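# Coordinate inspection notes
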Amino acid sequence: MVMNSGFEQSLPDLNSLYEMVKDANERLKGEAKRTPVMTSRVLNEMTGARVYLKCENFQRMGAFKFRGAFNAMSRLTDSEKKRGVITHSSGNHAQATALVGALLGVQTHIVMPKNAPAIKRAATEAYGGIVIEYDTEKDSREEISDRLQREHHYVSIPPYDHLDIVCGQATAALELFQEVGALDMLLTPCGGGGLLSGSAIASRKASPGCRVVGVEPELADDATRSFKTGRLHSVRNPLTIADGTRTPSLGKITFPLVLEYVDDMVTVTEEAIAAAVRHCFYRQKIVVEPSGVLGLAAVLSGAVKSGGRIGIILSGGNIDGLTMARILENRIEDLGN
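Now for a look at the structure at hand. Every chain is numbered on its own, with residues counted from 1 as its sequence reads. Side-chain atom pairs in this predicted model are given and counted only at pLDDT of 80 or more, local residue features only at pLDDT of at least 70, and totals for whole chains, interfaces and linings cover all residues. To get the side-chain values, take all heavy atoms of the structure and skip hydrogens and water.

### Structural notes on the overall build of the protein
- Labels follow the DSSP assignment, with helices taken as runs of H or I lasting at least four residues and strands as runs of E lasting at least two, numbered in each case from the N terminus. Helices and strands together make up the secondary structure of the protein, namely 14 helices and 10 strands.
- We compute the radius of gyration from the C-alpha atoms alone; for a globule the expected value is 2.2 Å times N to the 0.38, where N is the number of residues. Taking 337 residues into account, the globule formula puts the C-alpha radius of gyration at 20 Å, and the protein, at 18 Å, falls close to it.
- In terms of overall dimensions, the protein has a C-alpha envelope of 55 × 45 × 40 Å along the principal axes.
- By residue count, 58% of the 337 residues in the protein fall in the buried class. We call a residue buried when its accessible area falls under 20% of the maximum for its residue type, exposed when it is over 50%, and partly exposed in between, using a 1.4 Å probe and counting protein chains only.

### Brief notes about helix 1 (residues 14-28)
- To estimate the expected span of a helix, count its residues, drop one, and scale the result by 1.5 Å. With 15 residues, helix 1 should reach 21 Å at 1.5 Å per residue; the first-to-last C-alpha distance of 21 Å fits that figure.
- Every buried residue belonging to helix 1 is among Leu17, Tyr18, Val21, Ala24, Asn25 and Leu28, and all of these are buried. Buried residues of helix 1, seen end-on, are gathered within an arc of 110 degrees and therefore sit on one face of the element.
- Only heavy atoms matter for contacts: two residues are in contact if any of them lie within 4.5 Å across the pair. Packed against the buried residues of helix 1 are helix 3 (65-73), helix 8 (163-180), helix 9 (194-206) and helix 11 (254-261). Think of the arc as the fan of directions from the helix axis to the C-beta atoms.

### A few points about the sheet that holds strand 3 (residues 85-88)
- Should DSSP find at least two bridges between two strands, the strands are taken to pair. Read from one edge to the other, the open sheet built from four strands follows the order 5-4-3-6, with strand pairing classed as parallel. In this open sheet, the two edge strands, each paired with only one partner strand, are strand 5 (130-134) and strand 6 (155-156).
- Pairing analysis gives four bridges linking strand 3 to strand 4 (residues 108-113), with the strands arranged parallel. Looking at strand 4, one finds that Ile86 is bridged to His109.
- Note on method: axes are straight lines fitted to C-alpha atoms, helices fitted across the in-contact stretch only, with angles between N-to-C directions ranging 0 to 180 degrees. Strand contacts of helix 5 (residues 92-104): strand 3 and strand 4, with the helix running at about 165 degrees to strand 4, the strand carrying the most contacts.
- Against the sheet, helix 7 (residues 141-152) touches strand 3, strand 4, strand 5 and strand 6, its axis set at about 170 degrees to strand 3.

### Some thoughts on the packing of helix 12 (residues 270-284) against helix 14 (residues 321-328)
- Axis separation between helix 12 and helix 14 bottoms out at 9 Å; the angle between their running directions is 100 degrees. As the angle between them shows, helix 12 and helix 14 are arranged roughly perpendicular. Together, Ala274, Val277, Arg278, Phe281 and Tyr282 of helix 12 and Met324, Ile327 and Leu328 of helix 14 make up the contact between the two elements.
- Side-chain classes are defined by residue name, with Ala, Val, Leu, Ile, Met, Phe, Trp, Tyr, Cys and Pro counting as nonpolar, Asp, Glu, Lys and Arg as charged, and the others, Gly among them, as polar. Tallied by class, the residues present in the contact of helix 12 with helix 14 amount to seven nonpolar, no polar and one charged. Note that the term roughly parallel is reserved for angles under 35 degrees, roughly antiparallel for angles over 145, roughly perpendicular for angles of 65 to 115, and oblique for everything else.

### Things to note about unusual backbone geometry
- The phi dihedral of Met61 is positive, around 60 degrees, even though this residue is not glycine.
- The residue His153 is not glycine, and still its phi comes out positive at about 65 degrees.
- With respect to the element layout, His153 can be found in the loop between helix 7 and strand 6.
- When its relative accessible area of 51% is taken as the criterion, His153 is described as exposed.

### Overview of the pattern of salt bridges
- Whenever a carboxyl oxygen of Asp or Glu lies within 4 Å of a side-chain nitrogen of Lys or Arg, that contact is scored as a salt bridge. Counting across every chain of the model gives 19 salt bridges.
- Glu329 is the salt-bridge partner of Arg331, the closest N and O atoms lying 2.9 Å from each other.
- Note on Arg331: relative accessible area 32%, which makes it partly exposed.
- Residue class for Glu329 comes out partly exposed when judged on its relative accessible area of 47%.
- Three or more residues are tied together by salt bridges with common partners; here these are Lys54, Glu56, Arg67 and Glu175.

### With respect to the side chain of His88
- Along the chain, the position of His88 falls in strand 3.
- Here Ser145 takes part through its side chain, which lies 3.1 Å from a polar atom of the side chain of His88.
- Excluding anything up to four places from it in sequence, His88 contacts His93, Val111, Arg141, Glu142, Ser145 and Pro159. Side-chain atoms alone can form a polar contact between residues adjacent in sequence; in general such a contact is a pair of N or O atoms within 3.5 Å, and within protein one must be able to donate a hydrogen while the other accepts it.

### Quick notes on the packing of helix 9 against helix 11
- Direction vectors running N to C along helix 9 and helix 11 enclose 40 degrees, while the axes themselves pass 9 Å from each other. Classified by the angle between their axes, helix 9 and helix 11 sit oblique to one another. Two packed elements cross with a definite hand, and for helix 9 against helix 11 that hand is left-handed. Each of Gly194, Leu196, Ser197, Ala200, Ile201 and Arg204 in helix 9 lies in contact with helix 11, whose residues at this interface are Thr254, Leu257, Val258 and Tyr261.
- Partitioning the contact of helix 9 with helix 11 into residue classes produces six nonpolar, three polar and one charged. Crossings are assigned a handedness: left-handed for a near helix turned anticlockwise from the far helix by less than a right angle, right-handed for a clockwise turn.

The following block contains the structure:
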């Protein structure tokens, strides 16, 4: 489905956006982990490149989402914090919001699909988040969140379409550039576009010659179609194993940022995603969820031309045991629903 492409979002210029990223970086010091950057001789030989893996699977709550949630929620006034926060998420932003709420003393309410990964829902509730279930076939999570926000006067902290979220997520890429220097290419997973647009902003200033490429599953290629056509496309409940990319579309903020600062978008198959999860497990000895390996899948499958110095953001590691077992056993036909 193609949505109205005529909207224009008034956004700060690049210099102002980068200042917001640097401010977020300062705000996150002592709160977010400075996650490790891994290298691998085997991976370099396989790809013909020097590859740097930014391991956000080691971030607090297991994904990059902590960065954006803390950056946004820590800016709330005392009166806003007392009202509580509402958001919607299939898992990682839910966990991040709930954890930050626990750290800041803010009650959080999260609209989650009934089929959200069990490990992500359990963690969200363990952090103190109140989960509101919805049926992905019948309901719109955005409409539910908006209705509850109006009824209870909660503060909305969306999963990606918010500048404080975008600039918080950008700090993962900023750290990577600070540690390894300039790159020829940066590969970033794309769901709603918060991490991708933030990474592109950081790259334009910290490594100006770097090509920033967003990666989606073939089954959830709305952002790729949007990027290629310049018109906002959407998908509904795509049956991909990369559950973090099941967002309906880029947002009113992230879409123009992606168009302005991202160099290319590519897609990868479900088989390529599963193979990248297995590579991380067997060869790199790390656990990364399907959504988190999209950039690595693009390199290993040949979806992008490899060479030079390549940075890859492994965006998260929240995967349940059953899903991991099926991927390791090469039984992905049992997944994706």
